[in-house]
Amino acid sequence: MNIYSQNIYEVSENENKKFVLILYNISKNHYVGLTIHSTMQSDDFIYIKSINKFVDINDLQEYSRKNIKRVSLC
């Protein structure tokens, strides 16, 4: 699977901002994605060379369009 920076979005949940790699568009308003991290914090993290970041494979979540703020400029 090819992963591009255009698939990374800034998401706001409970006043907290984080970056998410969107993997699947469920519908017009719902998406599935993984949280992105700059450093490896767990053995469950996988390094994605094309974006030079780590993803937490145990943090697969559904996101609403209202929580997605913008495409990331990573």
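Residues numbered from 1 in each chain as written. Predicted model: local features only at pLDDT ≥ 70, side-chain atom pairs only at ≥ 80, totals over all residues. Heavy atoms only, no water.

(A) Local environment of the overall build of the protein chain. Scanning the protein chain from terminus to terminus reveals 0 helices and 7 strands. Reading the protein chain from its N terminus to its C terminus gives the helix and strand order β-β-β-β-β-β-β. In summary, the protein chain has a C-alpha radius of gyration of 12 Å against a globular reference of 11 Å for 74 residues, a match within 12%. Once the C-alpha set of the protein chain is aligned to its principal axes, its extents read approximately 30 × 25 × 25 Å. Relative to its full complement of 74 residues, the protein chain shows a buried share of 35%. Only carbon and sulfur atoms are counted for the fraction: they give 47% of the accessible area of the protein chain, which is about 5,200 Å². (Helix = DSSP H or I, 4+ residues; strand = E, 2+ residues; numbered from the N terminus. Rg over C-alpha atoms; globule rule 2.2 N^0.38 Å. Buried < 20%, exposed > 50% of the residue type's maximum accessible area, 1.4 Å probe, protein only. Areas by Shrake-Rupley, 256 points an atom, 1.4 Å probe, with all protein chains shown as cover.)

(B) The environment of asparagine 14, seen in detail. Mapped onto the elements of the fold, asparagine 14 is located in the loop between β1 (8–13) and β2 (16–25). What makes asparagine 14 exposed here is its relative accessible area of 74%. Placed 53 residues apart in sequence, asparagine 14 and asparagine 67 show a C-alpha to C-alpha distance of 9.5 Å.

(C) Main features of the pattern of salt bridges. Overall, the coordinates contain 2 salt bridges when judged by the stated rule. The salt bridge involving glutamate 10 is made with lysine 17; its shortest N-O contact spans 3.7 Å. For glutamate 10, a relative accessible area of 7% corresponds to the buried category. (Salt bridge = Lys/Arg side-chain N within 4 Å of Asp/Glu carboxyl O.)

(D) Structural context of the environment of lysine 53. Relative to the elements of secondary structure, lysine 53 occurs in strand β5 (residues 53–56). Expressed as a C-alpha distance, the spacing of lysine 53 and serine 38, which sit 15 residues apart in the sequence, is 5.2 Å.

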